Amino acid sequence: MTIQPPTYRAILQGSQLIWLDPPPNLPENTEVSVTVSQSLPRTRSRGDAMAAALEKLAQRNAFKGVDPIAWQREVRQDKPLHGRE
């Protein structure tokens, strides 16, 4: 029976490894072997999709006539602050 060495996940950026898991506790200048896993291509993140949707709204001028301060107060239901109205 073959014993598998522990696996540590990391991302290669340029010539450096960015550890996703806690890195192994090894002395400096320890030789290691890196196995490249076949990962799925990255899909668009929700943030990218949101940015694209907001860009389309901006191009259509969808927020024309909206007072952002009034909108925020309505959404957050701010209470008037003494001396600041």
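To be clear, the structure that these remarks concern was listed above.
Presented here is an overview of the structure given in this document. (Residues numbered from 1 in each chain as written. Predicted model: local features only at pLDDT ≥ 70, side-chain atom pairs only at ≥ 80, totals over all residues. Heavy atoms only, no water.)

Considering the overall build of the protein
Then, number 1: The helix and strand inventory of the protein stands at two helices and two strands.
Then, number 2: Order of helices (α) and strands (β) in the protein, N terminus to C terminus: β-β-α-α.
Then, number 3: The C-alpha atoms of the protein give a radius of gyration of 25 Å, which is well past the 12 Å a tight globule of 85 residues would have.
Then, number 4: Counting only carbon and sulfur atoms, one obtains 53% of the accessible surface of the protein, whose full area is about 9,200 Å².
Then, number 5: In the protein, which carries 11 positive and 9 negative side-chain charges, the distance between the mean positions of the two groups comes to 9 Å. (Helix = DSSP H or I, 4+ residues; strand = E, 2+ residues; numbered from the N terminus. Rg over C-alpha atoms; globule rule 2.2 N^0.38 Å. Areas by Shrake-Rupley, 256 points an atom, 1.4 Å probe, with all protein chains shown as cover. Lys, Arg positive; Asp, Glu negative; His and termini not counted. Charge placed at Lys NZ, Arg CZ, Asp CG, Glu CD.)

A closer look at a nonpolar patch on the surface
Then, number 1: Taken together, Y8, L12, L17, W19, L26, V32, V34 and V36 make up a surface patch of nonpolar side chains, about 780 Å² in accessible area.
Then, number 2: Mapped onto the elements of the fold, L17 is located in strand 2 (residues 16-19). (Patch = residues over 30% accessible without salt bridge, like charges linked within 9 Å, V, L, I, M, F, W, Y side chains within 5 Å. Salt bridge = Lys/Arg side-chain N within 4 Å of Asp/Glu carboxyl O.)

Description of the pattern of salt bridges
Where charged atoms from two side chains of opposite charge come close, those side chains can pair.
Then, number 1: All told, the structure shown has one salt bridge when counted by the stated rule.
Then, number 2: We note a salt bridge from D21 to R9, for which the minimum N-O separation is 3.4 Å. Note that D21 is positioned in the loop between strand 2 and helix 1 (46-59) and R9 in the segment before strand 1 (10-13), a separation of twelve residues in sequence.

Here we look at helix 2 (residues 68-76)
Then, number 1: In terms of burial, helix 2 is largely open, as just zero of its nine residues are buried.
Then, number 2: Q77 sits one or two residues past helix 2 and shows a positive phi near 55°. (Buried < 20%, exposed > 50% of the residue type's maximum accessible area, 1.4 Å probe, protein only.)

A look at the layout of surface pockets
Then, number 1: The computed volume of the largest pocket comes to approximately 920 Å³.
Then, number 2: In terms of lining, the largest pocket is formed by 23 residues, of which the most central are Y8, R9, A10, V34 and T35.
Then, number 3: Mapped onto the lining of the largest pocket, the elements with two or more residues apiece are strand 1 and strand 2.
Then, number 4: Looking at the lining of the largest pocket, the element that brings in the most residues is strand 1, giving three residues. (1 Å grid on protein atoms, 1.4 Å probe; cavity = no way out; pocket = protein on both sides within 12 Å on 5 of 7 lines; lining within 4 Å. Points joined across faces, edges and corners; volume = space filled by probe spheres on them.)

Some points on the packing of aromatic side chains
Then, number 1: Taken as a whole and judged by the stated rule, the model has one aromatic pair.
Then, number 2: Between Y8 and W19, the ring centres sit 6.4 Å apart and the planes meet at 85°, which makes this aromatic pair edge-to-face. Taken together, the residues Y8 in the segment before strand 1 and W19 in strand 2 connect sequence positions eleven residues apart.
Then, number 3: Among the residues examined, Y8 registers a relative accessible area of 36% and is labelled partly exposed.
Then, number 4: Looking at W19, the relative accessible area reads 37%, which means it is partly exposed. (Phe/Tyr/Trp six-rings, centres within 6.5 Å; stacked < 30°, edge-to-face > 60°.)

What about the environment of Q4?
Then, number 1: With respect to the helices and strands, the residue Q4 is situated in the segment before strand 1.
Then, number 2: Assessed through its relative accessible area of 67%, Q4 is described here as exposed.
Then, number 3: Separated by 13 residues in sequence, Q4 and L17 have C-alpha atoms that sit 21 Å apart.

Taken by themselves, the reported measurements are silent on function.
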